[in-house]
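Given next are the chains, with one letter for each unit.
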Amino acid sequence: MSGPIVIGLDLGGTFIRAGLFHSSGELHGVRQAYMPTRESVQKGLEQIAALVIELTQEHGSAHLTGIGIGATGPIDARRGCIQNPFTLPGWEDVPIVDWLQDRFDLPVLLENDADMAALGEYWQGAGMDVTRLAVVTVGTGIGTACILDGKIYRGLEGVHPEIGHHVIDPSGPLCYCGAKGCWEVLASGTAIARTAHELLQAYPSSILWSKTAGGLEQIHAHMVAEAAKEDDPLAVRVIEQAGRYFSLGLVNLINFFVPEMIVLGGSVMNSLSLFMPFIERTITRHNVMVPATRVRIIPAKLGIHAGLYGAAFCILQKLEMSRYELD
Ligand SMILES: [Zn+2]
């Protein structure tokens, strides 16, 4: 392989993924391991380094020029620190960028994982070269990012805007963010599972009873979506409720940002066909102040690898910029 080789890392609450990329955008190898969050931060960092070493040894480390990291937030991108006691217990003020730079003697950068997934879809996915692109990732939570002219939009002090935590219904349930009825607590995969769990006693004939074999804690969003496709009344009700809340959040996003395109990813959006009728109806109804019906809404293309692509592209952007600074 000629040309720069970089590694993109995606750090989540459950998995660490690493991908080795050529600067042309080709993905040459992926490694995955469990995130040992319950053990120690040091063990987690060593696991990350081990994945980098495995990948580079397999493909030849001579041309490795940088490492980009997308991590579940909050993070401090400017200081290169993970600040996330919410989904990475113990990971508070962890200087992961300095640690990896010292370990590998390479440029390293850190960004929010939703931003990296969005940048990945811009670089090689569904939103290639779209000037104003929003990407919404619906899984355990709702991650949202905006890409303007190929760059991540950042707020004051470089902070990632938390659109997933904007309030839809102030009388709604309490979120860990401190707000009641934010988008994530009403329309994420966690919200779908929680609502199904809450309503199950009122639907004794729901097929979710047999799907969970009595272990109600096993209910998850994918199971509810599958049951809704079989017209299970409880599942249909839960998906309708989540669909309405999800659509309201999308309309708000369109009103704030008026993107050309919104790309929808994450495990819940594997059932996008269930949500599209609500999205189309809500957007048509709210198409007043901005050309909402002209915003293209399409599924993501890169799946679980979107964050790896974005992390790789982000470090390539940084390397390119520093090359210009040197010239
Ligand atoms: Zn919230």
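Right above here is the structure, for reference.
Residues numbered from 1 in each chain as written. Predicted model: local features only at pLDDT ≥ 70, side-chain atom pairs only at ≥ 80, totals over all residues. Heavy atoms only, no water.

Enquirer: I would appreciate a short explanation of the nonpolar core in the present structure.
Expert: Note on soluble globular proteins: their nonpolar side chains tend to be buried together. The biggest cluster of nonpolar side chains holds 54 residues, and the ones touching the most others in it are Val136, Phe246, Leu250, Ile262, Leu264 and Ile279. Listed by contribution, the elements that provide at least two residues to this core are strand S9 (132-138), strand S10 (142-148), helix H4 (183-187), helix H5 (189-199), helix H7 (221-229), helix H8 (233-257), strand S12 (261-265) and helix H9 (272-285). Of the residues forming this core, the biggest block, 12 residues, is contributed by H8. Once residues within four sequence positions are removed from consideration, Val136 is found in contact with Ile142, Gly143, Thr144, Trp183, Phe246, Leu250, Leu253, Ile262, Val263, Leu264 and Gly265. In terms of nonpolar packing, the next biggest core, distinct from the first, is built from 31 residues, Val52, Ile67, Trp91 and Leu100 among them. (Core = buried A, V, L, I, M, F, W, Y, C linked by side-chain atoms within 4.5 Å. Buried < 20%, exposed > 50% of the residue type's maximum accessible area, 1.4 Å probe, protein only. Helix = DSSP H or I, 4+ residues; strand = E, 2+ residues; numbered from the N terminus. Contact = heavy atoms within 4.5 Å.)

Enquirer: Mind showing me how you'd approach the sheet that holds strand S5 (residues 75-76) here?
Expert: Strand pairing in a sheet relies on backbone hydrogen bonds. The paired strands run either parallel or antiparallel. Taken in spatial order, the three strands make up an open sheet running S5-S6-S7, and their pairing is antiparallel. The open sheet has two free edges, formed respectively by S5 and strand S7 (92-94), since each of these has just one partner strand. (Pairing = 2+ DSSP bridges.)

Enquirer: What am I meant to see in the sheet that holds strand S8 (residues 108-112) here?
Expert: With respect to topology, five strands assemble into an open sheet ordered S3-S2-S1-S4-S8, the strand pairing being mixed. Pairing within the sheet leaves two strands with one partner each, and these edge strands are strand S3 (27-34) and S8. Each strand axis lies, on average, 20 degrees off the axis of its neighbour in the sheet, ignoring direction. Relative to S3, strand S2 (residues 15-22) runs antiparallel, the two sharing seven bridges. When the bridges of S3 are listed, Phe21 appears paired with Leu27. Lying over the sheet, helix H1 (residues 41-59) contacts strand S1 (5-11), S2, S3 and strand S4 (64-71), oriented at roughly 150 degrees with respect to S3. Packing of helix H2 (residues 96-104) onto the sheet brings it into contact with S1, S4 and S8, and relative to S8 it is tilted by some 155 degrees. (Axes fitted to C-alpha atoms, helices over the stretch in contact; angles between N-to-C directions.)

Enquirer: Teacher, can you tell me more about the pairing of S12 here?
Expert: Every other side chain in a regular strand lies on the same face of the sheet, so the side chains alternate between the two faces. Here S12 lies mainly inside the structure; five of its five residues are buried. A two-sided burial pattern is seen for S12, the buried positions comprising Met261, Val263 and Gly265 on one face and Ile262 and Leu264 on the other. As paired elements, S9 and S12 share five bridges and run parallel to each other. Paired with Thr137 across the strands is Gly265, a residue of S12. Two elements, S12 and strand S13 (residues 296-299), share four bridges in a ladder whose sense is parallel. When the sheet's bridge partners are listed, Leu264 is paired in S13 with Pro299.

Enquirer: Looking at this structure, I do not really get the environment of Ile69. What am I missing?
Expert: With respect to the helices, strands and loops of the structure, Ile69 is situated in strand S4. Spatially, the C-alpha atoms of Ile69 and Ile297 are 27 Å apart, while their sequence positions differ by 228 residues. Apart from the residues within four sequence positions on either side, Ile69 is in contact with Leu9, Leu11, Ile96, Leu100, Val108, Leu109, Leu110, Glu111, Met116 and Ala311.

Enquirer: Is there a simple way to explain H9 in this structure?
Expert: The α-helix winds at 3.6 residues per turn, so residues separated by three or four positions along the chain end up facing the same way. The first and last C-alpha atoms of H9 sit 20 Å apart over 14 residues, in line with the 20 Å expected at 1.5 Å per residue. Restricting attention to buried positions, one finds in H9 the residues Leu272, Leu274, Phe275, Met276, Phe278, Ile279, Thr282 and Ile283. Here the buried face of H9 lies against H5, H7, H8, S12 and S13. (Expected span 1.5 Å × (residues − 1).)

Enquirer: Could you clarify how one ought to interpret the coordination of the zinc ion in this entry?
Expert: Working reference: metal with six octahedral donors, ideal angles 90 or 180 degrees; metal with four tetrahedral donors, ideal angle 109.5 degrees. Taken together, His165 (ND1), Cys175 (SG), Cys177 (SG) and Cys182 (SG) make up the protein donors of the zinc ion, found 2.0 to 2.4 Å from the metal. Coordination at the zinc ion is tetrahedral: its four donor atoms span angles of 101 to 127 degrees at the metal. The sequence pattern describing where the donors of the zinc ion fall on their chain is H-x9-C-x1-C-x4-C. Residue class for Cys177 comes out partly exposed when judged on its relative accessible area of 36%. (Donors = N, O, S within 2.8 Å, 3.2 Å for Na, K, Ca; no water. Tetrahedral: all angles 85-135°; square planar, octahedral: opposite > 155°, others 65-115°.)

Enquirer: What should I look at first to understand the side chain of His160 in this one?
Expert: In this fold, His160 is placed in the loop between strand S11 (151-152) and H4. In this structure the side chain of His160 is engaged in a polar contact, spanning 3.3 Å, whose partner is the backbone oxygen of Thr144. Aside from chain neighbours lying at most four places away, what touches His160 is Asn112, Ala114, Asp115, Thr144 and Ala145. (Polar contact = N/O pair within 3.5 Å; in protein donor to acceptor, adjacent residues only side chain to side chain.)

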